[in-house]
Every structure is written in C-alpha cells, then in structure tokens.
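Examination of the molecular architecture
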Amino acid sequence: MNRYARYALRIASLAVALGLWQLLTAQDIDLWLRFSQFPTVTDVAHTFADRLAGPDYWTDLTDSLTRILTGFLLAAVLGVATGVLVARSRLADDLLGPVLEVIRPIPAIALVPVAILLFPSNEQGIVFITCAAAFFPVLVSTRHAVRALAPVWEEAVRTMGGGRWRVLGSVVLPGALPGVFGGLSVGIGVSWICVISAEMISGQYGVGYRTWQDYTVVDYPGVFVGMVTIGVLGWLTSTAVELLGRRLTRWLPRTAYVPAARPKTARTGAPPPAARAAVREDTRAHPEEARDEHLVRD
C-alpha cells in the first residue's frame, strides 16, 4: 500500500467515525449508551465556526499553547539533565533517587493545591503542574536509555584520550536520544492532560477553562468544541516531537513492514528444475508454512 492509499484510508476511517456519530445522535438512539444526550456533528460544527469568528477562542488557544510549551520545555531540559546525572553518578542516584521515586507516583493534577500555595499567580502554578507532568516520563526514559548504553563505546573514546565531557557529548547524549524522544512523546501527551485539568480547576482563560465553563452553563456543543481542540492540539504537538526526534536520529536504521516482501540473497548454486517445481507446488499448497519457514531460515 503506497503513501497516498494510506492517507486515503485514514481519511476514510475518520469520515466513517464522524458519520456514525452523526447517525447515532441525529436519530436519538438509546441502547445501553444514551446518544440522545449528545450534540450532533452539525451542531458542534456550527458552534466551532462561531467560536473561530470570535476573539475568545484564539485567546484561549494562545494561553494554553504558551503554558504547555513553557512547561514542556522546562521539563525536557530538567528531565534530560537529571536523568543523565542519576544514571551516570552513584552519588546523585543515592541523593536524588529516593526523593524522585517517592514523588513520581503522585499524579501531577494532585499537585494543584501545592502549586496554589507555592506560587503567587495561577499562571505560574499551571506551568509548574505541566512541567511536573512531563518531567518524570522524560527522566525515567533518559535514565534507562543512558544505563542501556554499551560500555565499549565509552571505553573507545577514553582510549583515544577523550575526557568526561567528550564522552558525554559523543557517546551518552547521542546514544540516549531514541530513549529521550520516547519519553518526550509520552510527556507531551501527559502535559496536555494535566494542563487542561489545571485550567479547569484554577485557570483564567485557556481551552480547559473554556470547556469547563461551557459545561457549567450546559452548552454541550461548546464542550465538544473544546474536546476537539484539545485533541487536535495534542496530535499536532506529538507529531512535532516525533518528527524532530526522527530528524535528530537519522543515523538510526529504519524498518518498515512490507507484506510478502522477500530479501534478495546471494545463492551459491541453483537447484535443479525438479526441485524448483516441488518447492513451487509446496508453496501453493501451504503458503503460510512457506512464509514462516522463510522467516525462520533468514
């Protein structure tokens, strides 16, 4: 399947989901789930168009993006630095490890009261919660990636006269990049969850704040506008992190699944015609077994 066919399939799946939503809500179908309580796709689309024409939607969008990017960038820097430090230093692991492991299971949204007490403004508290949400996924992924590096690489650099900083810049950080971006991909998603929740609780303006306000005044199409906005923003930021990771790790081998593709291998000699005919007949009779045998043999 080529690239354009895959894009068409993805668009078709989204269109089917929207069509099913419209059908269930327009017909007021109530089975076990009460779709009659949901707004239709057309209601949400009309509300979305009205919001786009007003200034409040763009103000909310700007505020949420500013909070998420600020908190996420802080978490990326602090998480990578702390992860490398804990993985490379036994002293840092002994000093910071117990504290981090005790704090890590606490949900970031549970830190809202702490943020209210610590910071003089709600804006700083929301950024703190966003940073805390993304910090631990980045920290854990970086720590595991650094510890998984082969020691022979560091020994090679030291043999050629490289010092600690040379090892850090030439071996540790490049080698840990795949794991770091894995943590960043998880962190950006968790950050969106927590920043929206924090805006609902203590925010002024923002997508989460507006969504909660729509819920309190029973504006359900507006609630779904907020949900769609959050989903699209989360998808765009996650895609941006993934694309950046692929660009910075271009040296990694890329694999792709291609059905029925067979690698070309050099052969020392061709089998006789009778043997080739027998193999073809066996392949036609048992295609699954032939493919499995090929995978095991190669």
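See above for the structure.
Being a predicted model, the structure only gives us computed values, none of them experimental.

Throughout the structure, instances matching the rule amount to 9 salt bridges. Linked through salt bridges whose partners overlap, the residues forming this network are Arg51, Asp214 and Asp219.

Comment: phi is negative for the bulk of residues other than glycine, and the bulk of peptide bonds are trans. Positioned with a positive phi, aspartate 28 is a non-glycine residue whose angle comes to about 50°. We classify aspartate 28 as partly exposed; its relative accessible area is 47%. Even without being glycine, valine 218 reaches a positive phi, approximately 60°. Within the secondary structure layout, valine 218 lies in the loop between helix 9 (207–216) and helix 10 (220–248). Taking relative accessible area as the criterion, valine 218 reaches 53% and is therefore assigned exposed.

Attention now goes to the nonpolar core. Grouped together as the largest cluster of nonpolar side chains are 45 residues, with contacts concentrated most on Ile129, Leu184 and Trp192. When contributions to this core are tallied by element, the ones reaching two or more residues are helix 3 (55–88), helix 5 (112–118), helix 6 (122–147), helix 8 (164–202) and helix 10. With 13 residues, the top contributor of residues to this core is helix 8. Once residues within four sequence positions are removed from consideration, leucine 184 is found in contact with Phe72, Ala76, Val138 and Val241.

Here the focus is the packing of aromatic side chains. Considering all chains together, one arrives at 8 aromatic pairs under this definition. For the pair tryptophan 21 and phenylalanine 224, a centre-to-centre distance of 5.5 Å together with 40° between the ring planes defines the contact as tilted. Taken together, the positions of tryptophan 21 in helix 1 (residues 3–26) and phenylalanine 224 in helix 10 put the pair 203 residues apart, joining distant regions of the chain. Residue phenylalanine 224 is classed as buried on the basis of its relative accessible area, which comes to 13%.

Within the secondary structure, threonine 130 sits in helix 6. Residue threonine 130 is classed as buried on the basis of its relative accessible area of 0%. Among all residues touching threonine 130, those that are not within four sequence positions of it are Arg67, Ile68, Gly71, Phe72, Ser191 and Val195.

Let's shift gears to the environment of glycine 208. Tracing the sequence through the fold places glycine 208 in helix 9. Residue classification places glycine 208 among the buried positions, given a relative accessible area of 0%. Placed 22 residues apart in sequence, glycine 208 and isoleucine 230 show a C-alpha to C-alpha distance of 8.3 Å. If we skip the residues at most four places from it in the chain, glycine 208 touches Ile196, Glu199 and Met200.

What counts, and where the lines are drawn
- Residues numbered from 1 in each chain as written.
- Predicted model: local features only at pLDDT ≥ 70, side-chain atom pairs only at ≥ 80, totals over all residues.
- Heavy atoms only, no water.
- Salt bridge = Lys/Arg side-chain N within 4 Å of Asp/Glu carboxyl O.
- Buried < 20%, exposed > 50% of the residue type's maximum accessible area, 1.4 Å probe, protein only.
- Helix = DSSP H or I, 4+ residues; strand = E, 2+ residues; numbered from the N terminus.
- Core = buried A, V, L, I, M, F, W, Y, C linked by side-chain atoms within 4.5 Å.
- Contact = heavy atoms within 4.5 Å.
- Phe/Tyr/Trp six-rings, centres within 6.5 Å; stacked < 30°, edge-to-face > 60°.

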